[in-house]
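Single-letter residue listing:
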Amino acid sequence: GVKLPEIPKVTKPVALVSDVHRLADAIAAEYRPAIYLGSLGLREAEVFGLRVKAIDFLRKTITVEETVNEVDGQLIVGDGKTRSSVRTISVPDFIVDVLAQHLQQTGRRKADYVLQAPDGGPVRANNFRRRIYRPALKAAGLDSGLTFHRLRHSAGHHMRETGEPLEVIQKR
C-alpha cells in the first residue's frame with residue numbers, strides 16, 4: 001500500500017542540425033571532423049579509432065572497425081563494443097568533403113588515425129572532452145548536457161524523424 005513517488009521525466013538534449021554546425025564551427029579546426037562523425041552516429045571511441053584507410057571516398061562510406069578507448073589511463077585499441085559494431089555506413093557528401101579537406105590539410109596516410117592528439121598519437125577521450133569539446137560547447141552557446149554520446153543519439157532521433165526504418169537506425 002505504499003505509494004511510490006513519481007519519477008520526473010528527464011529530457012535529454014537533442015542536437016539539431018544547426019547545433020551540429022555551430023559546434024563544429026566553435027571547435028578547434030583539427031577536431032571538426034569528430035563533431036560530424038559523432039552526428040552520424042559513431043561512438044566516441046569509434047571516431048578516435050577511425051583510420052584513413054576506412055574511408056571510401058568514391059563510394060562515400062566509412063567502415064567502422066576499430067576503437068580507441070582509454071581505461072585507467074591506458075589506451076586500448078579494440079575492434080568495437082559488439083560484433084555488430086563493425087559496419088560500413090554511408091556518409092553524406094558534405095561530411096565526405098569535410099574529411100577530404102581535413103586529410104589534405106593534415107597529410108595523414110592510409111594507416112594513420114584520422115584524428116590525432118597533438119603529439120601524433122591517438123586522441124585520449126578524457127583530454128578531448130575536457131580541453132576541446134566542453135569549451136567548444138560553451139563557445140557555441142549549447143546545452144552542457146549535449147555530450148558527445150548525445151550527438152550519437154541525436155543521429156538516431158533525426159533518422160527516425162525522416163522515416164528511416166528502425167533496422168537501418170540500429171545498424172548505423
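In this text, all values refer to a predicted model and were calculated from it rather than measured experimentally.

Conventions used here
Residues numbered from 1 in each chain as written. Predicted model: local features only at pLDDT ≥ 70, side-chain atom pairs only at ≥ 80, totals over all residues. Heavy atoms only, no water. Pairing = 2+ DSSP bridges. Helix = DSSP H or I, 4+ residues; strand = E, 2+ residues; numbered from the N terminus. Salt bridge = Lys/Arg side-chain N within 4 Å of Asp/Glu carboxyl O. Buried < 20%, exposed > 50% of the residue type's maximum accessible area, 1.4 Å probe, protein only. Expected span 1.5 Å × (residues − 1). Arc of directions from axis to C-beta. Contact = heavy atoms within 4.5 Å. Core = buried A, V, L, I, M, F, W, Y, C linked by side-chain atoms within 4.5 Å.

### A short note on the pairing of strand β3 (residues 67-71)
For a regular strand, side chains alternate in direction, first toward one face of the sheet and then toward the other.
Point 1. Where β3 and strand β4 (residues 74-78) come together, five bridges link them in antiparallel fashion. When the bridges of β4 are listed, Glu70 appears paired with Leu75.
Point 2. Here β3 hands over to β4 after two residues, with Asp72 in that stretch at a positive phi of 50°.

### What to know about the pattern of salt bridges
Point 1. Taken as a whole and assessed by the stated rule, the structure comprises eight salt bridges.
Point 2. Salt-bridge contacts for Arg22 lead to Asp19; the nearest nitrogen and oxygen are separated by 3.6 Å. Taken together, the residues Arg22 and Asp19, both in helix α1 (residues 17-26) and three residues apart, mark about one turn of the helix.
Point 3. Residue classification places Arg22 among the partly exposed residues on the basis of a relative accessible area of 38%.
Point 4. For Arg51, the salt bridge identified is with Glu66, shortest N-O distance 3.0 Å. Taken together, the residues span a long stretch of sequence, with Arg51 in the loop between α3 (44-49) and β1 (55-56) and Glu66 in the loop between β2 (61-64) and β3 at a distance of 15 residues.
Point 5. The class of Glu66 is buried, set by a relative accessible area of 17%.
Point 6. Salt bridges sharing common partners tie together Arg43, Glu46 and Arg87.

### Here's the deal with helix α4 (residues 93-106)
Point 1. Along its 14 residues, α4 runs 20 Å from first to last C-alpha, staying within 8% of the 20 Å computed at 1.5 Å per residue.
Point 2. Within α4, burial applies to Ile95, Val96, Val98, Leu99, His102 and Leu103. Buried residues in α4, looked at end-on, bunch into an arc of 160°, giving them a common side. Structural note: α4 exposes Asp97, Gln104 and Gln105 on the side pointing more than 90 degrees away from its buried face.
Point 3. Packed against the buried residues of α4 are α2 (32-39), β1 and β2.
Point 4. Downstream of α4 by a residue or two, Gly107 has a phi angle that is positive, lying close to 70°.

### Considering the nonpolar core
Point 1. In this structure, Ile62, Phe128 and Tyr133 are the most contacted members of the largest nonpolar core, which totals 43 residues.
Point 2. Those elements that place two or more of their residues in this core are α1, α2, α3, β2, α4, α5 (125-140) and α6 (148-161).
Point 3. At seven residues, α5 tops the list of elements feeding residues into this core.

### Notes on unusual backbone geometry
Point 1. At Lys60, a position not held by glycine, the phi torsion is positive, near 60°.
Point 2. In this structure, Lys60 sits in the loop between β1 and β2.
Point 3. The exposure class assigned to Lys60 is partly exposed, which follows from its relative accessible area of 33%.
Point 4. At Asp72, a position not held by glycine, the phi torsion is positive, near 50°.
Point 5. Here Asp72 lies in the loop between β3 and β4.
Point 6. Residue classification places Asp72 among the exposed positions, given a relative accessible area of 77%.

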